[in-house]
Amino acid sequence: DFGSRAVQPFGAMAIQTEILVGPPSPSRDASASSKIARLLAAPRLPVSSQACVDSAEGWRCEQGAVGARVAGHIRAAGPRPTAPAGQGAWMRSTVEFGGYPEFQDRRTKYSADEPEEPEEAARAEEARAQLEKDIAQLKMLHHVVVHLQRGECKPEAPPKECQSGPSSGSTPPPSPPWAPPVEHLSAQELREAVETVGWNSFKVPFTFDVPADLVPAYASREALVSCAGIAGSDFSAATVLNDPLAAQFGPSLLGEDRRFSDASSSKENCFTQLAAGALEPGTPPWRCWKAIPEWMRCAMVVISTGPGGNGVAFHKHGAAWLALQQGRKRWWLYPPCGPLSRRAYETVALRPAWQLSAEVNALPLEVRPLELHQEAGQGVFVPALWWHATLDCGPTLGIGSQYNMADLDLRECYREHPDSGFVLYHMACELHKTEEERAMKLFEEAIDREPFNFYFCTNQLLFYLNMVFHPRLTMSVVERTLSKARSSLDSRRRMLVLRFAVPTICNFAEWHAPHVRLLKYSARAVSLAWDALMELASPMLPGGAKFRLSRELPCLAELRYTAVCSQCGERSIGKAGEPGSIRAHRFLCERCTEVRARATCGCCGQSGGDGQIGHPGTEFASQWYCARCWGSWKSACRAGHKSVQAAPALPPTVSCAFVQPSGAAAHAVAALAQQPTSAPPPPPQSTPPQSAIALAAAGTAVAEAWTVLAAPAVPVAAIAREESSKIASGTDASANGRVRAWPTVWERVD
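The structure displayed is predicted, hence computed values, not measured ones. (Residues numbered from 1 in each chain as written. Predicted model: local features only at pLDDT ≥ 70, side-chain atom pairs only at ≥ 80, totals over all residues. Heavy atoms only, no water.)

1. So, the overall build of the protein
Convention followed: Secondary structure is summarised from DSSP: a helix means a run of H or I of at least four residues, a strand means a run of E of at least two, and numbering begins at the N terminus for each. For each residue, the accessible area found with a 1.4 Å probe, counting protein chains only, is set against the maximum for its type, and the residue is called buried under 20%, exposed over 50%, and partly exposed in between. Contacts were defined at the residue level, with two residues in contact if any of their heavy atoms lie within 4.5 Å. Per-residue accessibility takes into account occlusion by the displayed protein chains alone, with areas from the Shrake-Rupley method and a 1.4 Å probe.
Summing up its helical and strand segments, the protein has 23 helices and 22 strands in all. Here the protein holds 750 residues, and the buried ones make up 53% of them. Looking at the protein alone, contacts between residues at least 24 apart form 75% of all its contacts between residues at least 6 apart. Summing over all exposed atoms, the protein offers an accessible surface of approximately 32300 Å²; the carbon and sulfur share of this is 53%.

Structure below.
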């Protein structure tokens, strides 16, 4: 109930302009009271004759938008209300197999309403068994993608040239017309304001002098790094928040498991955010918390440090402040409604922190964010719900504190900021168990406001699943999320989205599997998730173009997927070679794997014993040959037999196709490959040698050994043509007319 408070309409939205503030204290003068009052006043967004609202998207048009800065009207009232009793009760709900227990009977009804299909009962067990296998494979592939996403595929680091910033004392650019004036409070004014109304009551950003009783535990980044290296003093840190998608999910959900000592030694940007109750005594976060005077403390301690050139991309949360002990930091801020135009949103929403400066400067002034420059010894306060991003200009260390969203009255936030996608999302979470229809609408409105916010999308999917909404409705969210990620994100960010979405999809498939008529939804969801993961992972798996021998991936021994077989060259389903073997880095199709396991000779039919499969890239690649037949072939080659009559057990042209010569040995193959197998051997020639058979018959030999290789070989005919051209042009230095004896030992590499 707004009571008698005035509301200024802006298109289809309402922006409150009359702000409730505490009564002036007799102990403070009129100037201080006026300054604090301005901090409690929400900014009025620019209104002009050309300002309009796109009814389909809810975006403000920025053309010609101008407006005065705002000072809210003042009247007596108390500080902003805190979270009411009962808010957030849904977070304590029990989620069992199948979702919330009170809604699970819905699934039985959905199954009964589905049309009956022919022979569905007879096929159900087979379909369910196949689904279980597919889900198991999907989980293994997801494990591989998470391994990649948290390792080599994590967000890009900024280039070295980005590690510069504005020189000391440089001033921020002009403020956009919508922005409120940025007040600066002395330490005394800050304490008086905080103790009067509390951090959560301030509705505009401001800067302040760091109070004298805030004695930093560490004066510099170097001091913090040195302390963290001591045994028992290390702590966790997030290092990828410079990426906007990672910043959406936040450090707690990302769970990087990075230790600060390791990350700081790698010169990465580190951000730590810990609740006061979770601090371990003696650790740097605990020491920083103890250094903050009680009147300044919020719910969590924040440590932000980096070598420079990086920062945190646009995000939002509860009220927070940060005091800088070392370095310089740039801030960009938008009000709770976010960027004021479609162009501005698309410019900053997926922009890494180190790219923001140039992109923001290219926007029209009317829709630019408010920019602040923070120096060592200064603090910056960011109100709850405000969008903000930072960039470190050189080595920095900042200590601060932050509130949770749970510390706010969400209904009051919704009344004040109905155009904030962040508020709409949190209201949807708050209402989804008690007011389903309204919560569904709020979810959609939040995503419409922030179409690139995949944190909203993945959690919408989670809530739909837990609420046991119809699988058709949940599947529409799955398809939209995967499609949007594919069309708007690069591969690294898609991995991050799938990291959070696929476990929910697996639950969806498993929870619907017991219902025969809902199996089709499970199968469809698993298929979509598999295709999305495989598109990202396949180039990096054995058989992929980007696979590296040094990469250690989990689950490869059991993971089955489609790729080009390194043995037969056909694209088929299979898996990587046995872990620890020389074939671990190769992809083998099921047929070649079965041929190797069966070990039945393609010449004599003998099973078992020693032997090997034919060489890759040849017509014998899919056959296994026993040691006796393989040895007969080698003997025939050594004896110089051109015809297969000398080795009747071998298939035609085996002596040509099974070998890959090197150097001068290829001269013999050049002549051999150009002659039919039934032709008599030619007479011996002088230099250059033309026939291996003629040389062997004359008691001479080529200079180099022939090597039997298991790695993919160039076709023999191609080798023959290449070597023949070298001989004809006189460019082959090894064909000097000198010949040596055949080696008595043949090298075999398997």
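2. Regarding the pattern of salt bridges
Worth spelling out the cut-off: What counts as a salt bridge is simple: a side-chain nitrogen of Lys or Arg found within 4 Å of a carboxyl oxygen of Asp or Glu.
Applying the stated criterion to the full structure yields 32 salt bridges. A salt bridge links Lys 154 to Glu 268, with the nearest nitrogen and oxygen atoms 3.0 Å apart. On the criterion of sequence distance, the pair formed by Lys 154 in the loop between α3 (120–149) and β7 (183–185) and Glu 268 in the loop between α7 (260–265) and β11 (270–275) is long-range, its members being 114 residues apart. Residue class for Lys 154 comes out partly exposed when judged on its relative accessible area of 23%. Residue classification places Glu 268 among the buried positions, given a relative accessible area of 15%. Each of Glu 114, Glu 117, Arg 123, Arg 472 and Lys 520 takes part in one network of salt bridges that share partners.

3. Things to note about the sheet that holds strand β18 (residues 561–564)
We apply this condition: For two strands to be treated as a pair, DSSP must find no fewer than two bridges joining them. Helix axes are fitted only over the stretch in contact, all axes being lines through C-alpha atoms; the angle between N-to-C directions runs from 0 to 180 degrees.
Strand order in the open sheet formed by 3 strands is β18-β19-β20, and the pairing between neighbours is antiparallel. Strands with a single pairing partner mark the edges of an open sheet, and in this sheet they are β18 and β20 (587–589). Across the sheet, the axes of successive neighbouring strands diverge by a mean angle of 65°, strand direction being ignored. Sheet topology note: the β18/strand β19 (residues 571–576) ladder contains 4 bridges and is antiparallel. The residue bridging Thr 562 from the neighbouring strand is Ile 573, located in β19. Sitting on the sheet, helix α18 (residues 590–598) is in contact with β19 and β20, with an inclination near 85° to β20.

4. So, unusual backbone geometry
Backbone geometry places Val 468, a non-glycine residue, at a positive phi of 55°. Mapping Val 468 onto the fold places it in the loop between α14 (454–466) and α15 (471–488). Of note, the phi angle at Cys 555 is positive, near 70°, even though the residue is not glycine. Mapped onto the elements, Cys 555 comes out in the loop between α17 (519–537) and β18. Taking relative accessible area as the criterion, Cys 555 reaches 27% and is therefore assigned partly exposed.

5. What about the packing of aromatic side chains?
To keep it simple, the criterion reads: In summary, the pairing rule links any two rings of Phe, Tyr or Trp, Trp by its six-membered ring, whose centres are within 6.5 Å, and it sorts them by plane angle into stacked for under 30 degrees, edge-to-face for over 60 and tilted for everything else. Criterion for a charge above a ring: Arg CZ or Lys NZ at most 6 Å from the ring centre, at most 35 degrees from the ring normal.
According to the stated counting rule, one finds 30 aromatic pairs in the structure shown. Here Tyr 425 and Phe 456 contribute two aromatic rings whose centre-to-centre distance is 4.7 Å and whose plane-to-plane angle is 10°, an arrangement assigned as stacked. With a gap of 31 residues between them, Tyr 425 in helix α12 (residues 421–431) and Phe 456 in helix α14 connect regions that are remote in the sequence. Centroid distance Phe 443 to Phe 463: 5.7 Å. Interplanar angle 35°. Geometry classified as tilted. Of this pair, Phe 443 sits in helix α13 (residues 436–449) while Phe 463 sits in helix α14, and the two are 20 residues apart along the sequence. A relative accessible area of 2% means that Phe 443 is categorised as buried. Here Lys 316 stacks its cationic end above the ring of Trp 387, 3.9 Å away from the centre of that ring.

6. Digging into the confidence of the model for the protein
Parts of the prediction with low pLDDT should not have their coordinates interpreted in detail. Quick reminder of the rule: For every residue, the predictor states its confidence as a pLDDT score lying anywhere from 0 to 100.
The predicted model of the protein has a mean per-residue pLDDT of 78, with 74% of residues at 70 or higher. Confidence, expressed as mean pLDDT per element, reaches its minimum in the protein at strand β6 (residues 73–76) with 26 and its maximum at strand β16 (residues 378–382) with 97.

7. A look at the nonpolar core
This is how it is decided: As used here, the term nonpolar core means buried Ala, Val, Leu, Ile, Met, Phe, Trp, Tyr and Cys residues forming a set that is joined through side-chain atoms within 4.5 Å.
Counting residues in each nonpolar core, the largest one holds 161 residues, and the members touching the most others are Trp 199, Phe 202 and Trp 321. A per-element tally of this core places α17 first, with 12 residues. If near-sequence neighbours (up to four positions away) are discounted, Trp 199 is found in contact with Leu 190, Val 194, Phe 206, Trp 295, Met 296, Cys 298, Ala 319, Trp 321, Phe 381 and Tyr 403. One finds Ala 599, Cys 601, Trp 624 and Cys 626 within the second-largest nonpolar core, a separate group that totals 12 residues.

8. Here's the deal with the packing of α14 against helix α16 (residues 491–512)
Rules: Every angle not falling under 35 degrees, over 145, or within 65 to 115 is termed oblique; those three ranges are roughly parallel, roughly antiparallel and roughly perpendicular. With the far helix as reference, a near helix turned anticlockwise by less than a right angle produces a left-handed crossing, and one turned clockwise produces a right-handed crossing. Gly falls in the polar group here, along with every residue not listed as nonpolar (Ala, Val, Leu, Ile, Met, Phe, Trp, Tyr, Cys, Pro) or charged (Asp, Glu, Lys, Arg).
One can describe the packing of α14 onto α16 by two numbers: an axis separation of 10 Å at closest approach and a directional angle of 15°. As the angle between them shows, α14 and α16 are arranged roughly parallel. Between α14 and α16 the crossing geometry is left-handed. Mapping the contact onto sequence places Phe 454, Thr 458, Leu 461, Leu 462, Leu 465 and Asn 466 in α14 and Val 497, Phe 500, Ala 501, Thr 504, Ile 505, Asn 507, Phe 508, Trp 511 and His 512 in α16. Taken together, the residues of the contact of α14 with α16 sort by class into 10 nonpolar, 5 polar and no charged.

9. Focus: the pairing of β18
Alternating residues of β18 divide into Tyr 561 and Ala 563, all buried, and Thr 562 and Val 564, none buried. Following β18, the chain reverses through 6 residues before pairing antiparallel with β19; Gly 569 in that reversal takes a positive phi of roughly 80°.

10. Some points on α13
It helps to recall that an α-helix has 3.6 residues per turn; residues three or four apart then point in one direction. The criterion, for reference: Here, expected helix span is obtained from the residue count minus one, scaled by 1.5 Å.
Between its first and last C-alpha, α13 extends 20 Å over 14 residues, near the 20 Å set by a 1.5 Å rise per residue. Within α13, the full set of buried residues consists of Ala 439, Met 440, Leu 442, Phe 443, Ala 446, Ile 447 and Arg 449.

11. So, the environment of Leu 559
Inspection of the secondary structure puts Leu 559 in the loop between α17 and β18. Residues Leu 559 and Leu 141, spaced 418 residues apart in sequence, show a C-alpha to C-alpha distance of 7.0 Å. When residues no more than four places from it in sequence are discounted, the contact partners of Leu 559 are Gln 137, Met 140, Leu 141, Val 144, Trp 530, Leu 541, Gly 574 and Lys 575.

12. Thoughts on the packing of α12 against α14
Where α12 meets α14, the closest approach of the two axes is 11 Å, and the angle between their N-to-C directions is 15°. Judged by the inter-axis angle, α12 sits roughly parallel to α14. Viewed along their axes, α12 and α14 form a crossing whose handedness is left-handed. Note on element contacts: α14 touches α12 through Tyr 455, Phe 456, Asn 459 and Phe 463, opposite Gly 421, Phe 422, Tyr 425 and Cys 429. Among the residues forming the contact of α12 with α14, the class breakdown is 6 nonpolar, 2 polar and no charged.

13. What about the environment of Gly 327?
Residue position: Gly 327 is located in strand β14 (residues 320–334). For Gly 327, a relative accessible area of 22% corresponds to the partly exposed category. C-alpha separation for the pair Gly 327 and Thr 305, spaced 22 residues apart in sequence, amounts to 9.6 Å. Ignoring sequence-local partners within four residues, the contact set of Gly 327 consists of Gln 374, Glu 375, Ala 376, Pro 395 and Thr 396.

14. What about helix α19 (residues 627–639)?
Counted only if it meets this: Our arc is simply the arc of the directions from the helix axis toward the C-beta atoms.
End to end, α19 covers 18 Å across 13 residues, agreeing with the expected 18 Å (1.5 Å per residue, within 8%). Of all the residues in α19, the buried ones are Cys 629, Trp 630, Trp 633, Ala 636 and Cys 637. Along the long axis of α19, the arc covered by the buried residues comes to 120°, so they all point the same way.

15. Things to note about the side chain of Thr 481
Within the fold, Thr 481 resides in helix α15. For Thr 481, the contacting residues outside a window of four places in its chain are Phe 454, Cys 457 and Val 497.

16. Structural notes on the side chain of Gln 137
Condition: Pairs of N or O atoms within 3.5 Å make up the polar contacts considered here, provided that, within protein, one atom can donate a hydrogen while the other can accept it, and that residues adjacent in sequence are counted only when both atoms are side-chain atoms.
Tracing the sequence through the fold places Gln 137 in helix α3. What makes Gln 137 buried here is its relative accessible area of 15%. A polar atom in the side chain of Gln 137 sits 3.1 Å from the backbone oxygen of Glu 558. Those residues within four positions of Gln 137 in sequence are excluded, and the remaining contacts are Trp 530, Glu 558, Leu 559 and Arg 560.

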